[in-house]
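# An overview of the molecular structure
Here is what each chain is made of, one letter per residue.
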Amino acid sequence: MTVRRVSEILRQGQPDEAVQIQGWVRTKRESKGFAFVEVNDGSSMAGLQVVLHQELPNYSETLRRLSTGASVEVSGQLVASQGKGQRIELKAEAVTIFGEADSETYPLQKKRHSFEFLRSQGHLRARTNTFGAVFRVRNACATAIHQFFQERGFLWVHAPIITASDCEGAGEMFAVTSLDLKRVPLTESQAVDYSQDFFGRPAFLTVSGQLEAEIMAMAFTNVYTFGPTFRAENSNTSRHLAEFWMVEPEMAFCDLEGDMDLAEAFLKYVFSYVLTHCAEDMEFFNARIDDSVLSTAQNIIDNEFQRITYTEAIDLLEKADRTFEYPVSWGLDLQSEHERYLAEELFKRPTIVTHYPTQIKAFYMRVDDDEKTVRAMDVLAPKIGEIIGGSQREERLDVLERRIQQQGLDPAVYWWYLDLRRYGTVPHAGFGLGFERLVQFMTGMGNIRDVIPFPRSPLSAEF
RNA sequence: UCCUCAGUAGCUCAGUGGUAGAGCGAUCGACUGUUAAUCGAUUGGUCACUGGUUCGAAUCCAGUCUGGGGAGCCA
């Protein structure tokens with residue numbers, strides 16, 4: 001007999017069908033002469049209710065071993081459920097226990113656990129309702145992202161994980177080395193002699209695949225990266241990870257408007273996909289985690305994003321009928337409280353802020369004609385803050401060289417990046433999206449460590 | 001890195017100087033349809049660590065470690 005997935009049986013199973021399932025016991029409820037065991041195989045939020053009657057061979061022995069967490073294979077016949085709460089259930093005829101889970105020591109109990117505790121049980125937390133839903137939604141988000149770009153003819157680019165250039169200076173990088181840290185070779189001037197290291201030069205884990213994506217966009221027109229990135233910042237917040245996944249589309253022959261249009265269409269697509277493919281999980285988040293999750297998702301799908309310039313944002317913040325902890329003034333970057341005020345309180349929907357002051361943005365952003373601002377855009381999401389950051393890129397060689405020098409960077413390091421402007425340059429634009437922040441936004445989960453299977457953060461790399 | 005709160009039973013917490021507590025879980029028992037099952041009983045402790053104050057410290061003080069929330073940095 002073929003083993004069937006629980007989700008499929010719950011959807012399509014009919015009474016009198018003989019079926020076999022495999023999974024893990026979530027709960028067991030015993031009565032005199034029979035017992036109910038809920039078996040979950042991760043395919044859906046709901047498990048299949050298995051009914052064991054005392055006529056079953058080794059009934060009491062089997063029942064004793066079937067505690068929460070045990071792995072099991074059950075075959076039997078589907079029957080219409082007499083009880084409320086499920087359409088069908090499985091009347092067990094044969095039960096095989098692969099592995100018991102000692103109920104005295106199994107960490108997951110038949111009760112709610114705090115997310116803090118479950119983080120310490122990273123090897124088991126995927127077996128809980130919440131994390132099951134999170135990782136199914138995460139998977140659906142990833143699928144939707146690929147589908148969105150593939151439908152539009154974007155090429156998926158595999159950006160390197162190891163890089164030799166600190167390209168955009170986006171924070172601290174993790175060093176990659178094969179040198180013996182106990183006996184690091186030194187040059188005559190007592191600096192580390194990287195010529196003896198694996199790559200013959202300093203190497204790091206990537207902080208962004210954007211510059212590599214630009215290379216590929218200059219050949220394939222529309223591309224995107226989707227992969228892990230790393231930041232060695234000592235950030236201890238609910239929105240930062242040392243290892244996280246990033247999505248970075250890059251489009252040749254595209255300006256800031258086209259970039260914004262893509263970002264908006266992208267978010268609408270992903271939210272719509274997840275609502276239809278993970279309806280049960282999304283209902284769960286709405287009921288148990290954040291009761292605004294469904295309405296927020298619908299809001300994003302149905303309404304146009306608010307678009308304002310940085311200058312307009314400053315004006316609105318100065319007029320705001322409330323006081324901010326940090327000053328609001330043209331030329332200063334927006335603080336978290338400012339971003340949240342705009343997206344959460346004022347507009348109550350995703351808000352795109354554009355044309356930031358030149359001096360607070362990266363060197364590769366296209367300088368506007370008045371030189372005061374650049375063609376940058378941030379998509380601010382309620383509760384999460386900046387979820388997307390993007391820009392039209394500077395395609396003019398002379399301007400780019402000047403900007404690199406102004407920011408105290410060495411143009412020689414960027415020789416290949418400058419070559420792209422030297423040979424066949426085109427206006428182009430792209431953005432970066434923090435994948436975990438998208439999943440956070442989607443699910444309402446408060447801490448980013450709870451939307452990635454194995455979170456990496458300062459002092460934390462267990463599992 | 002800064003601010004702030006916390007660390008007591010397997011989990012969630014109460015306990016503000018004088019014999020260590022509750023709920024849940026787990027275990028055992030009862031129950032012929034449960035679904036956070038219900039009812040009864042039982043079980044459960046290096047009070048984060050180190051040092052100090054005191055006749056006496058979970059409680060007061062100092063330091064350290066770990067975690068939560070917020071901020072900065074950013075995605």
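Below you will find a few notes about this structure. The model shown is predicted, which means the values in this text are computed figures rather than measured ones.

### A short note on the overall build of chain A
- When helices and strands are tallied, chain A shows 13 helices and 16 strands.
- Principal-axis analysis of the C-alpha atoms gives chain A an extent of 85 × 60 × 45 Å.
- Taken over 463 residues, chain A has a buried fraction of 50%.
- Per element, the accessible surface of chain A, about 22,400 Å² overall, is 50% carbon and sulfur.
- Side chains of chain A give 48 positive and 66 negative charges; the mean places of these two sets differ by 6 Å.

### Regarding helix H5 (residues 210-220)
- When we look at burial in H5, the residues that qualify are Gln 210, Leu 211, Glu 212, Ala 213, Glu 214 and Ala 217.
- Buried residues along H5 sit against strand E7 (162-163), strand E10 (222-230), strand E11 (243-252), strand E15 (385-393), helix H12 (415-422) and strand E16 (428-434).

### A word on the layout of surface pockets
- By volume, the second largest pocket is sized at about 580 Å³.
- As for the second largest pocket, its lining consists of 25 residues, of which Gln 109, Lys 111, Arg 112, Thr 128 and Asn 129 are closest to the centre.
- Contributing elements (two or more residues each) for the lining of the second largest pocket: strand E1 (18-31), helix H3 (115-119), helix H4 (129-151) and helix H7 (279-288).
- Here the lining of the second largest pocket is composed, by residue class, of 10 nonpolar, 8 polar and 7 charged.

### Quick look at the environment of Gly 385
- Within the secondary structure, Gly 385 is located in strand E15.
- Judged by relative accessible area, Gly 385 falls into the buried class, the value being 6%.
- Along the chain, Gly 385 and Pro 202 lie 183 residues apart, while their C-alpha atoms are 34 Å from each other.
- Each residue touching Gly 385, except ones within four places of it in the same chain, is listed here: Glu 339, Val 379 and Leu 380.

### A short note on the protein's contact with RNA strand B
- Not every one of the 46 residues close to RNA strand B is listed here, only the nearest: Lys 84, Lys 111, Thr 237, His 240 and Arg 437.
- Between a sugar or linking oxygen of RNA strand B and a side-chain N or O atom of Arg 231, the distance comes to 2.9 Å.
- Asn 234 is positioned such that a nitrogen or oxygen atom in its side chain is 2.8 Å from a phosphate oxygen of RNA strand B.
- Where the surface near RNA strand B is concerned, the elements lending two or more residues are E1, strand E2 (34-40), H3, E11 and E15.

### Comments concerning the sheet that holds E11
- With respect to topology, 8 strands assemble into an open sheet ordered E6-E10-E11-E16-E15-E14-E13-E12, the strand pairing being mixed. In this open sheet, the two edge strands, each paired with only one partner strand, are strand E6 (155-157) and strand E12 (306-309). Strand after strand, the sheet turns through a mean of 20 degrees between neighbouring axes, direction not considered.
- In the sheet, strand E13 (residues 351-357) pairs with strand E14 (residues 373-381) via 6 bridges, with the strands oriented antiparallel.

### Overview of the packing of aromatic side chains
- Going through the model one piece at a time under the given rule, you end up with 22 aromatic pairs.
- Plain terms: the ring middles of Phe 34 and Phe 36 are 5.5 Å apart, the flat faces sit at 85 degrees to each other, and that makes the pair edge-to-face.
- A relative accessible area of 27% means that Phe 34 is categorised as partly exposed.
- With centroids separated by 5.6 Å and ring planes inclined at 80 degrees, the aromatic side chains of Tyr 310 and Trp 330 adopt a geometry described as edge-to-face. With Tyr 310 in helix H9 (residues 310-319) and Trp 330 in the loop between H9 and helix H10 (336-346), the pair connects residues that are 20 residues apart, well separated along the chain.
- Taking the relative accessible area as the measure of exposure, Trp 330 reaches 35% and is therefore partly exposed.
- Among the aromatic residues, those joined into a ring-pair cluster are Phe 148, Phe 149, Phe 154, Tyr 224, Phe 266, Tyr 269 and Phe 431.
- Its end group placed over the ring of Tyr 356, Lys 361 keeps NZ or CZ at 4.3 Å from the ring centre.
- Taking the ring centre of Tyr 417 as reference, the NZ or CZ of Arg 421 above it sits at 4.0 Å.

### With respect to the sheet that holds strand E4 (residues 71-80)
- Strand order around the closed barrel formed by 5 strands is E1-E2-E3-E5-E4, with mixed pairing between neighbours. Neighbour-to-neighbour, the strand axes of the sheet open up by a mean angle of 55 degrees, direction not taken into account.
- Inspection of the sheet shows E1 paired to E4 by 7 bridges, in the antiparallel sense. Bridging from a neighbouring strand, Ile 21 pairs with Val 74 of E4.

### Things to note about the pairing of E1
- The pairing of E1 with E2 spans 7 bridges and is classified as antiparallel. Of the residues in E2, the one forming a bridge with Glu 30 is Ala 35.
- Counting the residues between successive antiparallel strands, the hairpin from E1 to E2 contains 2 residues, one of them, Gly 33, with a positive phi of roughly 90 degrees.

### Some details on the pairing of strand E3 (residues 48-53)
- The buried fraction of E3 amounts to 5 of the 6 residues, a majority that puts the element mostly inside the structure.
- For E2 and E3, the ladder comprises 6 bridges, and the chain directions are antiparallel. Residue Phe 34 lies in a different strand from E3, and its bridge partner there is His 53.

### Quick look at the packing of helix H6 (residues 256-277) against helix H13 (residues 435-443)
- Their axes nearest at 11 Å, the elements H6 and H13 cross at an angle of 55 degrees. Relative to H13, the element H6 lies oblique. When you trace H6 past H13, the crossing you get is right-handed. Contacts between H6 and H13 pair Leu 267, Val 270, Phe 271 and Val 274 from the former with Leu 438, Phe 441 and Met 442 from the latter.
- Taken together, the residues that form the contact of H6 with H13 break down as 7 nonpolar, no polar and no charged.

The rules behind each value
Residues numbered from 1 in each chain as written. Chains lettered and ligands numbered in written order. Predicted model: local features only at pLDDT ≥ 70, side-chain atom pairs only at ≥ 80, totals over all residues. Heavy atoms only, no water. Helix = DSSP H or I, 4+ residues; strand = E, 2+ residues; numbered from the N terminus. Buried < 20%, exposed > 50% of the residue type's maximum accessible area, 1.4 Å probe, protein only. Areas by Shrake-Rupley, 256 points an atom, 1.4 Å probe, with all protein chains shown as cover. Lys, Arg positive; Asp, Glu negative; His and termini not counted. Charge placed at Lys NZ, Arg CZ, Asp CG, Glu CD. Contact = heavy atoms within 4.5 Å. 1 Å grid on protein atoms, 1.4 Å probe; cavity = no way out; pocket = protein on both sides within 12 Å on 5 of 7 lines; lining within 4 Å. Points joined across faces, edges and corners; volume = space filled by probe spheres on them. Nonpolar A, V, L, I, M, F, W, Y, C, P; charged D, E, K, R; others polar. Near = heavy atom within 4 Å. Polar contact = N/O pair within 3.5 Å; in protein donor to acceptor, adjacent residues only side chain to side chain. Pairing = 2+ DSSP bridges. Axes fitted to C-alpha atoms, helices over the stretch in contact; angles between N-to-C directions. Phe/Tyr/Trp six-rings, centres within 6.5 Å; stacked < 30°, edge-to-face > 60°. Lys NZ or Arg CZ within 6 Å of the ring centre and 35° of its normal. Parallel < 35°, antiparallel > 145°, perpendicular 65-115°, else oblique. Left-handed = near helix turned anticlockwise from the far one by under 90°.

Taken by themselves, the reported measurements are silent on function.
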